[in-house]
Amino acid sequence: MTQPKPGQLHPTWLAVIGDELEKPYMQALRHFLKEEKSAGKVIFPPSPLIFNAFNHTPFDKVRVVIIGQDPYHGQDDKGQPQAHGLSFSVPAGVALPPSLQNIFKEIASDLGIKMSPKINQSGDLTPWADQGVLLLNATLTVEQAKAGAHQGKGWEAFTDAAIAALNAHREGLVFVLWGSYAQKKGAFIDESKHLVLKSVHPSPLSAHRGFFGNHQFSTINQYLSQRGQTPINWQL
């Protein structure tokens, strides 16, 4: 399978949701992004990485879907963007955001593996994506330092279409819905075909109210094993 050029959608995804790219809402979104850049606004993640989640996890390789909301809108003290197109993930060398620290703590507790969230621990979740974990934000771009700036501009419809395609055309996937936003976005998923795991968000504001101790990472691997699949190696 030919790999897409940076910024392009993987052929396996084009086959199932490519029509979305030509719809009026996506044309309007492209115009919006072009105008924002022309106005000198900085957009995260960089253009080549907008479809990073889709390109690391082709449609036919998806096994787990972890739904986030917005890309990170900040950058580290060296000016490197936190966002690189995978939900909850940051590039290697960027300090771990609090939610990701809590995700690592739960993995360590649940699976008994070493993932101590130290400042030098890599938060690059690309190895998960390459194993079939679709790390999908609902909104795929954001303006620097303005959380939620690109909500309601069309991305939500596009990512809804991606989730709907997985729901309809695949079976035995695990959908991980952390927090009320993700749970609303995934409300239509057919639980007779897929495993749907819900929890509060790993944010420090809510993690102690049911994220810690939810054992969802071991639950995912048990489900995959029962279906004759290789478990996800969560250790980074």
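Residues numbered from 1 in each chain as written. Predicted model: local features only at pLDDT ≥ 70, side-chain atom pairs only at ≥ 80, totals over all residues. Heavy atoms only, no water.

J.: Before we go on, may I ask you to explain helix α2 (residues 24-38) in this structure?
T.: Residues spaced three or four apart along an α-helix point in a common direction, a consequence of the helix completing one turn every 3.6 residues. With 15 residues, α2 ought to run about 21 Å at 1.5 Å a step, and its terminal C-alpha atoms sit 21 Å apart, in line with that. Against the buried residues of α2 lie β1 (43-44), β4 (142-143) and α6 (155-169). Backbone geometry just downstream of α2 places G40 in the positive-phi region, at approximately 90°. (Helix = DSSP H or I, 4+ residues; strand = E, 2+ residues; numbered from the N terminus. Expected span 1.5 Å × (residues − 1). Contact = heavy atoms within 4.5 Å.)

J.: I'm lost on the packing of helix α4 (residues 98-111) against helix α8 (residues 216-226) in this one. Help?
T.: Packed helices, taken two at a time, are described by the angle between their axes plus the distance between the axes. Taken N-terminus to C-terminus, the directions of α4 and α8 make an angle of 60°; their axes are 8 Å apart at the nearest point. In terms of orientation, α4 lies oblique with respect to α8. Note on element contacts: α8 touches α4 through Q216, F217 and S218, opposite I103, E106, I107, D110 and L111. Looking at the contact of α4 with α8, its residues break down into 4 nonpolar, 2 polar and 2 charged. (Axes fitted to C-alpha atoms, helices over the stretch in contact; angles between N-to-C directions. Parallel < 35°, antiparallel > 145°, perpendicular 65-115°, else oblique. Nonpolar A, V, L, I, M, F, W, Y, C, P; charged D, E, K, R; others polar.)

J.: Honestly, the packing of aromatic side chains in this entry has me stumped. Any pointers?
T.: Here the distance between the centres and the angle between the planes together describe a pair of aromatic rings. Within this structure, the stated rule accounts for 14 aromatic pairs. Relative to F158, the ring of F51 lies with its centre 5.9 Å away and its plane at 55°, an arrangement referred to as tilted. Of this pair, F51 sits in the loop between β1 and α3 (52-56) while F158 sits in helix α6, and the two are 107 residues apart along the sequence. Through pairs of rings, three or more aromatic residues link up here, namely F88, F104, W128, W178, F211, F212, F217 and W234. (Phe/Tyr/Trp six-rings, centres within 6.5 Å; stacked < 30°, edge-to-face > 60°.)

J.: How do you make sense of the nonpolar core when you look at a structure like this?
T.: For soluble globular proteins, the rule of thumb is that nonpolar side chains tend to be buried together. Among the nonpolar cores identified, the biggest contains 65 residues, and W13, F54, I103 and F158 are the most heavily contacted of them. In terms of residue count, α6 provides more of this core than any other element does, 7 residues in total. Setting aside anything within four residues of it in sequence, one finds I103 in contact with F88, W128, W178, P202, F211 and F217. (Core = buried A, V, L, I, M, F, W, Y, C linked by side-chain atoms within 4.5 Å. Buried < 20%, exposed > 50% of the residue type's maximum accessible area, 1.4 Å probe, protein only.)

J.: Which parts of the structure should I look at to understand the pattern of salt bridges?
T.: Where side chains of opposite charge bring their charged atoms close, a pairing between them can arise. Under the criterion given, the structure shown has 4 salt bridges. Salt-bridge contacts for E20 lead to K23; the nearest nitrogen and oxygen are separated by 2.8 Å. The exposure class assigned to E20 is buried, which follows from its relative accessible area of 13%. Here E143 makes a salt bridge to K146, at a shortest N to O gap of 3.8 Å. Under the relative-accessibility criterion, E143 is labelled buried at 10%. By relative accessible area, K146 is classed as partly exposed at 45%. (Salt bridge = Lys/Arg side-chain N within 4 Å of Asp/Glu carboxyl O.)

J.: Just checking my understanding: could you explain the side chain of E36 for this structure?
T.: With respect to the helices, strands and loops of the structure, E36 is situated in helix α2. For E36, the contacting residues outside a window of four places in its chain are K41, I43, E143 and H150.

J.: I'm lost on the side chain of N214 in this one. Help?
T.: Counting through the fold element by element, N214 comes out in the loop between β6 (195-199) and α8. A polar contact of 3.0 Å, which involves the side chain of N214, links it to the backbone nitrogen of Q216. Setting aside its immediate chain neighbours within four residues, N214 contacts E106, W178 and S199. (Polar contact = N/O pair within 3.5 Å; in protein donor to acceptor, adjacent residues only side chain to side chain.)

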